[in-house]
Amino acid sequence: MEPLDYLAQERSMASFDVEEMKVVWAGSRHAYELSDRCSRLVASDPVFQKDNRTTLSRKELFKDTLRKTAHAVKRTVELNLSEEESLTLWSYVDQPAYANLHWGMFIPAIEGQGTEEQKQKWLPMAYKMQIIGCYAQTELGHGSNVQGLETTATFDPETDEFVIHSPTLTSSKWWPGGLGKVSTHAVVYARLITNGQDHGVQGFIVQLRSLDDHSPLPGITVGDIGMKFGSGAYNSMDNGVLRFDHVRIPRNQMLMRVSQVTREGKYVQSDVPRQLLYGTMVSVRQIIVSESSIALSRAVCIATRYSAVRRQFGSQNGGPETQVINYKTQQSRLFPLLASAYAFRFAGEWLQWLYTDVTKRLQANDFSTLPEVHACTAGLKSITTSATADAIEECRKLCGGHGYLSCSGLPELFAVYIPNCTYEGDNIVLLLQVARILMKTVSQLVSGKKPLGTTAYLGRVEHLMQCHCEVQRAEDWLKPSVILEAFEARAARMSVACAKTLSGFSNLEEGFAEISSDLVEAAVAHCQLIIVSKFIEKLQQEIPGKGVKTQLENLCNVYALSLLRKHLGDFVSTGCITPEQGALANEQLRLLYSQVRPNAVALVDAFNHTDHYLGSVLGRYDGNVYQKLYDEAWKSPLNDTDVPDGYHEYIRPFLKQHFHTARL
């Protein structure tokens, strides 16, 4: 049977309304229609084609990125797109560029940390892209430890200026996207020094390049840091290096919403929490969580469609071989990733709501929920990006040898995604931050302080420390209350165990360092509980469409029980469940795979990815994989000639045994 007809047959097996599932995935009908319109607009525009991206040289790739960015802005103006529409369109261009940092970090930093006067001065120029900015925080010697940054901003009261300086090699700004070749300005994070006193890290708006000829200004050394992992991928971004040699800026270019320096050089701290300095990073982290589901869905879509097309072994009496997707080993590796894509999507939706809520509160000078948002964005950023990076690689392996081909789309997807595990907070460091909050919450229980938000379950710690799982049959694991209590009990018991161990240390910081691995695992348990609980909450909402809710229930159970299986040691060792109950969970998981199987292709169709956006021969909607693989091979530059360059110098001498003429 031809692959094209085969995928049509796969789709006919679906027992749910795929169009309604597309709306659920998008978040709303408006969001679905917007993404569908923008994705097709990009796919139909020849300027945005990306078939040859991985074969371009670095210079060619960078110029191609500049061209696409300019074209995207041009189309935004021509079509009179709203901000929401233009951002959606840009997401489907699918090529990291300086504009990501300009709109995603430079502008939000000024919006969140600038005074009204500063916003009025700088934002109109930034919105019109009359200036192009980046976010210069990370240094050669310091990344996660922001408080260890070495760049200095020393106030000179005689001239009413700050002197920005890079005192050491390791104080060089290193990694900011857009910095290398494009940005004219940067929000630079430096140590504020007045009257010889260090007041910690503060943001400053600094011009880097001339607005006339784009050359670096006096005292500025700036450039690109070089090639990064993979072909194409993140090499379209001009990540930069930046050094300052006593560069002077006016005093009013210090972002002064949180703290100010007076004309006399007096440092004044406002009532606004210093955590607001990291508001831009919190914003970016919640976007990263939302986008993790997109990257994961692309990989899962490719692996699922190809697994349905690919046949290996199992032929009976000359009949067709078995579809790879029908092997239980393939299902047990693939379907939890499919479920994870949906789980991360709904967690991202909730986190977006939480961030929007805290933003409104901040505008009203209500900072009460800021710690909760910081903890959630840190923890979920860590969990979702680590899982997604691992999942993309797993999907490559699920596609066998062909998954290693660049045209499968998976190598570049992996290369462009994995920086998410490091930038905007190293994932292990972020989990340790979450662990500190958990330890603080547990320590406050004795004083009667009631935990709120995502740690509210710790308010029932006495029950969770003693409860026993009531599962007696495999189907008992389908009850949301049973799953939720098991995950709550595991998270609570791991946090309490860490707190008890810490209490035995006379020096708390030494204890924290000693049991940091256990603390990371406790934070993981807490964050996984959040994702499971948000999936369950999603199912409590009204979900239209024939069979849609049933499929989501199956995926929720697959996600939760596959986590339980993966972390079975945690659940059993903490006494949350017995080994026998763990075996029943595994039995139920196998039954769930059988229910997901006939709907698998339709479930990835619900992601609504165009072939252009997927960028994969293996994940094509029509399933015509083998013909396209064959066609793609002949596009290789090595096939431009039958006889390769270098034949006469390096191959022919061997064949003719003329070694004395070979250039070896």
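Residues numbered from 1 in each chain as written. Predicted model: local features only at pLDDT ≥ 70, side-chain atom pairs only at ≥ 80, totals over all residues. Heavy atoms only, no water.

Trainee: Residues and numbers for the packing of helix H14 (residues 480–503) against helix H16 (residues 516–539), please.
Mentor: With their axes 9 Å apart at the nearest point, H14 and H16 run at an angle of 160° to one another. Taken together, the axes of H14 and H16 are roughly antiparallel relative to one another. Pair H14 / H16 crosses with left-handed handedness. Packed against H14, whose contacting residues are Pro480, Ile483, Leu484, Phe487, Glu488, Arg490, Ala491, Met494, Ser495 and Cys498, the element H16 presents Asp518, Leu519, Glu521, Ala522, Ala525, His526, Gln528, Leu529, Val532, Ser533 and Ile536 at the interface. (Axes fitted to C-alpha atoms, helices over the stretch in contact; angles between N-to-C directions. Helix = DSSP H or I, 4+ residues; strand = E, 2+ residues; numbered from the N terminus. Parallel < 35°, antiparallel > 145°, perpendicular 65-115°, else oblique. Left-handed = near helix turned anticlockwise from the far one by under 90°. Contact = heavy atoms within 4.5 Å.)

Trainee: Any chance you could break down the side chain of Arg620 for me, citing the residues and the numbers?
Mentor: Mapped onto the elements of the fold, Arg620 is located in the loop between helix H21 (611–614) and helix H22 (625–633). Within polar-contact distance, the side chain of Arg620 engages the side chain of Asp622 at 2.8 Å. Ignoring anything within four residues of it in the chain, the contact list for Arg620 reads Leu7, Arg305, Asp611 and Lys628. (Polar contact = N/O pair within 3.5 Å; in protein donor to acceptor, adjacent residues only side chain to side chain.)

Trainee: Tell me what's going on with the sheet that holds strand E4 (residues 173–174), and back it up with residues and numbers.
Mentor: The sheet built from three strands is open, its strands ordered E4-E8-E7 with antiparallel pairing. The open sheet has two free edges, formed respectively by E4 and strand E7 (220–224), since each of these has just one partner strand. (Pairing = 2+ DSSP bridges.)

Trainee: Go over the packing of aromatic side chains with me, naming the residues and quoting the values.
Mentor: Here the structure, examined in full by the defined rule, presents 16 aromatic pairs. Judged by centre distance (6.3 Å) and plane angle (50°), the rings of Tyr234 and Tyr423 are tilted. Here Tyr234, found in the loop between E7 and strand E8 (240–244), pairs with Tyr423, found in the loop between helix H11 (410–417) and helix H12 (427–444); they are 189 residues apart in sequence, far enough to count as distant. Taking the relative accessible area as the measure of exposure, Tyr234 reaches 14% and is therefore buried. Look at Phe487 and Phe571: their rings are 5.1 Å apart centre to centre, the planes differ by 75°, and that puts the pair in the edge-to-face class. Here the residue Phe487 occupies a position in helix H14, and Phe571 occupies one in helix H18 (residues 568–573), the gap between them amounting to 84 residues. Both residues of the pair, Phe487 and Phe571, count as buried. (Phe/Tyr/Trp six-rings, centres within 6.5 Å; stacked < 30°, edge-to-face > 60°. Buried < 20%, exposed > 50% of the residue type's maximum accessible area, 1.4 Å probe, protein only.)

Trainee: Lay out unusual backbone geometry with the relevant residues and their values.
Mentor: Although it is not a glycine, Asn80 adopts a positive phi angle of roughly 55°. Position of Asn80 relative to the elements: it lies in the loop between helix H4 (58–78) and helix H5 (83–93). Phi is positive for Asp94, which is not a glycine, with a value near 60°. Mapped onto the elements of the fold, Asp94 is located in the loop between H5 and helix H6 (98–113).

Trainee: I'd love a proper account of the packing of helix H2 (residues 18–26) against helix H9 (residues 328–363), names of residues and values included.
Mentor: At a closest axis distance of 9 Å, the pairing of H2 and H9 adopts a crossing angle of 50°. With respect to their mutual orientation, H2 and H9 come out oblique. Listed contacts from H9 to Met21, Val24, Trp25 and Ala26 of H2 are Ala341, Tyr342, Arg345, Phe346 and Glu349.

Trainee: Would you mind going over the pairing of strand E2 (residues 152–156) in detail, with residue names and values included?
Mentor: Across the five residues of E2, four count as buried, placing the element largely inside the fold. Bridge count for E2 against strand E3 (residues 161–165) is five bridges, and the pairing is antiparallel. Within E3, the residue paired with Ala153 across the bridge is Ile164. Where E2 folds back on E3, the antiparallel hairpin that results is connected by four residues, among which Asp160 adopts a positive phi of roughly 60°. Direction of pairing for E2 relative to strand E5 (residues 185–194): parallel, over a ladder of three bridges. Looking across to E5, one finds that Thr154 is bridged to Ile193.

Trainee: Any chance you could break down the environment of Ile543 for me, citing the residues and the numbers?
Mentor: On the secondary structure map, Ile543 appears in the loop between H16 and helix H17 (548–566). Along the primary structure Ile543 and Val187 are separated by 356 residues, whereas in three dimensions their C-alpha atoms are 44 Å apart. Setting aside chain neighbours within four positions, we find Ile543 in contact with Val24, Lys538, Val548, Lys549 and Leu552.

Trainee: A description of the pattern of salt bridges should follow, citing residues and the corresponding values.
Mentor: All told, the structure shown has 38 salt bridges when counted by the stated rule. Taking the shortest distance from any N to any O, the salt bridge between Lys50 and Asp94 comes out at 2.6 Å. Of this pair, Lys50 sits in the loop between helix H3 (29–43) and H4 while Asp94 sits in the loop between H5 and H6, placing them 44 residues apart in sequence. Take Lys50: its relative accessible area is 8%, and that puts it in the buried class. (Salt bridge = Lys/Arg side-chain N within 4 Å of Asp/Glu carboxyl O.)

Trainee: Could you give me a rundown of H3, with the residues and numbers involved?
Mentor: Residue pairs spaced three or four apart in an α-helix point in one direction, given the helix's 3.6 residues per turn. In a regular helix each residue adds 1.5 Å, so 15 residues correspond to 21 Å; H3 covers 21 Å between its end C-alpha atoms and thus fits that length. If you check which residues of H3 are buried, you get Tyr32, Leu34, Ser35, Asp36, Cys38, Ser39 and Val42. Tucked inside the fold, the buried residues of H3 contact H2, H5 and H21. (Expected span 1.5 Å × (residues − 1).)

Trainee: Before we move on, can you summarise a nonpolar patch on the surface with the specific residues and values?
Mentor: A grouping of Tyr650, Ile651, Phe654 and Leu655 is seen on the molecular surface, where their side chains present a nonpolar patch of about 400 Å² in accessible area. Looking at the secondary structure, you find Ile651 in helix H23 (residues 647–655). (Patch = residues over 30% accessible without salt bridge, like charges linked within 9 Å, V, L, I, M, F, W, Y side chains within 5 Å. Areas by Shrake-Rupley, 256 points an atom, 1.4 Å probe, with all protein chains shown as cover.)

Trainee: Residues and numbers for H17, please.
Mentor: The end-to-end C-alpha distance of H17, which contains 19 residues, comes to 27 Å, matching closely the 27 Å that a straight helix rising 1.5 Å per residue would cover. Counting buried positions along H17 gives 14 out of 19 residues, so the element sits mostly inside the fold.

Trainee: Outline the nonpolar core, supporting the account with residue identities and numerical values.
Mentor: The biggest cluster of nonpolar side chains holds 142 residues, and the ones touching the most others in it are Met21, Leu338, Tyr342, Trp477 and Leu552. Apart from the residues lying within four places of it in its own chain, the contact partners of Tyr342 are Met21, Trp25, Phe535, Leu552, Leu555, Leu603, Ala606 and Phe607. Judged by nonpolar contacts, the second largest core, of 24 residues, contains Phe162, Leu179, Val206 and Ile249. (Core = buried A, V, L, I, M, F, W, Y, C linked by side-chain atoms within 4.5 Å.)

Trainee: Report on the pairing of E8, specifying residues and quantitative values.
Mentor: Where burial is concerned, the two faces of E8 differ: the one with Gly240, Leu242 and Phe244 is buried and the one with Val241 and Arg243 is not. With two bridges connecting them, E4 and E8 associate as antiparallel partners. When the sheet's bridge partners are listed, Lys173 is paired in E8 with Leu242. Bridging between E7 and E8 involves five bridges; their strand directions are antiparallel. Pairing of Asp224 across the sheet is with Gly240, part of E8.

Trainee: Could you give an account of the side chain of Arg597, naming the residues involved and the relevant values?
Mentor: Topologically, Arg597 is positioned in the loop between helix H19 (579–596) and helix H20 (600–605). Within polar-contact distance, the side chain of Arg597 engages the side chain of Glu10 at 2.8 Å. Those residues in contact with Arg597 that sit more than four places away from it in its chain are Tyr6, Glu10, Met13, Gln323, Ile325, Asn326, Gln331 and Phe335.

Trainee: Summarise the environment of Thr304; cite the residues concerned and give the values.
Mentor: Along the chain, the position of Thr304 falls in helix H8 (residues 279–309). Overall, Thr304 belongs to the buried group, its relative accessible area being 0%. A C-alpha to C-alpha distance of 7.4 Å links Thr304 and Ile325, two positions 21 residues apart in sequence. Setting aside residues up to four positions removed in sequence, Thr304 forms contacts with Ile325, Leu334, Ala600, Val601 and Val604.

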